[in-house]
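Here are the chains, one letter per residue:
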Amino acid sequence: MAENEKMFPVKIITPDRIFYTGEADMIEFATSSGQIGVYKNHIPLTTVLSPGAVIIHEAGGEKIAAVHAGFAEVLSDSVTLLAEIAEWPDEIDTARAEAAKQRAEDRLQAKAADVDLARAEFALRKALVRIDVKGM
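The present account deals with the structure reproduced in this document. In this numbering scheme, every chain counts its residues from 1 along its sequence in written order. In view of the model being predicted, local features appear only for residues whose pLDDT reaches at least 70, and side-chain atom pairs are presented and counted only at 80 or more, with totals across whole chains, interfaces and linings using the full set of residues. For the side-chain quantities, the full set of heavy atoms in the structure was used; hydrogens and water were omitted.

Right, let's get into a positive patch on the surface. Patch criteria: residues need more than 30% relative accessible area and no salt bridge. Like-charged residues are merged within 9 Å; nonpolar side chains of Val, Leu, Ile, Met, Phe, Trp and Tyr are merged within 5 Å. Calculation of accessible area relied on Shrake-Rupley with a 1.4 Å probe; when residues are assessed, cover is drawn exclusively from the protein chains displayed. Whenever a carboxyl oxygen of Asp or Glu lies within 4 Å of a side-chain nitrogen of Lys or Arg, that contact is scored as a salt bridge. His residues and chain termini do not enter the charge count, which takes Lys and Arg as positive and Asp and Glu as negative. Charge placement uses NZ in Lys and CZ in Arg. For Asp and Glu, CG and CD serve respectively. Positive charge collects at one region of the surface, where R96, R103, R107 and R119 lie side by side. Strands here mean DSSP runs of E at least two residues long; helices mean DSSP runs of H or I at least four residues long; both are numbered from the N terminus. The dominant element in the positive patch, judged by the number of residues it contributes, is helix α1 (residues 94-110), at 3 residues. Mapped onto the fold, R119 is located in helix α2 (residues 117-135). Buried means the residue's accessible area, taken with a 1.4 Å probe over protein chains only, is under 20% of the maximum for its type, while exposed means over 50%, and partly exposed covers the values in between. By relative accessible area, which is 67% here, R119 ends up exposed.

If you want it as C-alpha cells, here you go:
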C-alpha cells in the first residue's frame, strides 16, 4: 500500500479557532475510557475526550498538543476532535500551569466542605497535562 493511501484528514476544532487541519497516518488521544490510537479505516466511533496529549503522526513526523475535554468523532476516513481547549507546547505558560497545579493540590488537600472536589481534580489534571506536553 502506498504511503499516501494510509493518510486520512484530521481536524481539531475549539470554540476559538480551527486548531489543526492536516493529514495523519495515526492519531493518539485520551478518552473517558482510556487512551486510543486511530488508523485509517477505524470503526466509526464517537467518544468523550479527557484531558491529555494528542499525538498526530504526520508523514514528516509527530505533532503534539494538549487537549482539555470535548468530543471525538472517528469515521473510517477521518477524525475530528471538538475540544474545549487545545494548545501547542509553545502556547503553554509553564509557570501558570505550575501555579494552577499547586492551587488544585491545595484545594484537594484542604478537603473543605465548600470545595468542589471534581472541579479541583479536573483542574489538577489539566495542569498536569499542560506540564507534560510542554516537557515533550
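Here the narrative resumes.
A few words now on α2. Working rule for helices: expected span equals 1.5 Å times residues minus one. For α2, spanning 19 residues, the distance from its first C-alpha to its last is 27 Å, which sits close to the expected 27 Å at 1.5 Å a residue. Contacts are residue-level and defined by heavy atoms, with any inter-residue pair within 4.5 Å sufficient. At its buried positions, α2 is contacted by β6 (52-58), β7 (61-75), β8 (78-87) and α1.

With that out of the way, let us pick up the packing of aromatic side chains. To describe a pair of aromatic rings, you give the distance between the ring centres and the angle between the ring planes. Aromatic pairs are defined between Phe, Tyr and Trp rings, using the six-membered ring for Trp, whenever the two ring centres lie within 6.5 Å; interplanar angles under 30 degrees are classed as stacked, those over 60 as edge-to-face, and all others as tilted. Tallied over the full model, the rule gives 2 aromatic pairs. Pairing F19 with W88 gives two aromatic rings, centres 4.3 Å apart and planes at 20°, and the pair type is stacked. Of this pair, F19 sits in strand β2 (residues 18-24) while W88 sits in the loop between β8 and α1, and the two are 69 residues apart along the sequence. There is no split in this pair, since F19 and W88 are both buried. Between Y20 and W88, the ring centres sit 6.2 Å apart and the planes meet at 70°, which makes this aromatic pair edge-to-face. On the criterion of sequence distance, the pair formed by Y20 in strand β2 and W88 in the loop between β8 and α1 is long-range, its members being 68 residues apart. Summarising the burial analysis for this pair, Y20 and W88 share the class buried. Connected via pairs of aromatic rings, a cluster forms that spans F19, Y20 and W88.

This structure, assessed with the given rule, holds 4 salt bridges. E87 serves as the salt-bridge partner of R130, at 2.8 Å between the closest nitrogen and oxygen. One end of the pair, R130, is in helix α2; the other, E87, is in strand β8, and 43 residues separate them in sequence. For the residue pair R130 and E87, the accessibility class agrees, reading buried in each case. The salt bridge partner of E105 is K101, with a shortest N-O separation of 3.6 Å. Linking E105 with K101, this pair stays in helix α1, spanning 4 residues, or about one helical turn.

As a further point, take a nonpolar patch on the surface. Taken together, the side chains of V48, F71 and L82 make up a nonpolar region of the molecular surface, amounting to roughly 280 Å² of accessible area. Mapped onto the elements of the fold, L82 is located in strand β8. The exposure class of L82 is partly exposed, given its relative accessible area of 45%.

The next subject is the nonpolar core. Counting 22 residues, the largest nonpolar core has I12, I27, F29, V54, I56, V79 and L81 as its most contacted members. Sorting the residues of this core by element identifies β1 (8-13), β2, β3 (26-31), β4 (34-38), β6, β7 and β8 as the ones contributing at least two each. Sequence-distant contacts of I56, that is, excluding residues within four places in its chain, are made with I12, Y20, A24, M26, I27, G61, E62, K63 and W88. Counting residues in hydrophobic clusters, the runner-up holds 7 residues, among them A53, I55, I64 and V129. Working definition of a nonpolar core: buried Ala, Val, Leu, Ile, Met, Phe, Trp, Tyr and Cys residues. They are joined through side-chain atoms within 4.5 Å.

All right, on to the environment of K40 then. With respect to the helices and strands, the residue K40 is situated in the loop between β4 and β5 (45-49). For K40, the contacting residues outside a window of four places in its chain are E5, K6, M7, F8 and S76. A distance of 3.2 Å separates the side chain of K40 from the backbone oxygen of E5, its partner in a polar contact. Any pair of nitrogen or oxygen atoms within 3.5 Å is treated as a polar contact; in protein, a donor-acceptor pairing is required on top of that, and neighbouring residues in sequence qualify only through side-chain atoms on both sides.

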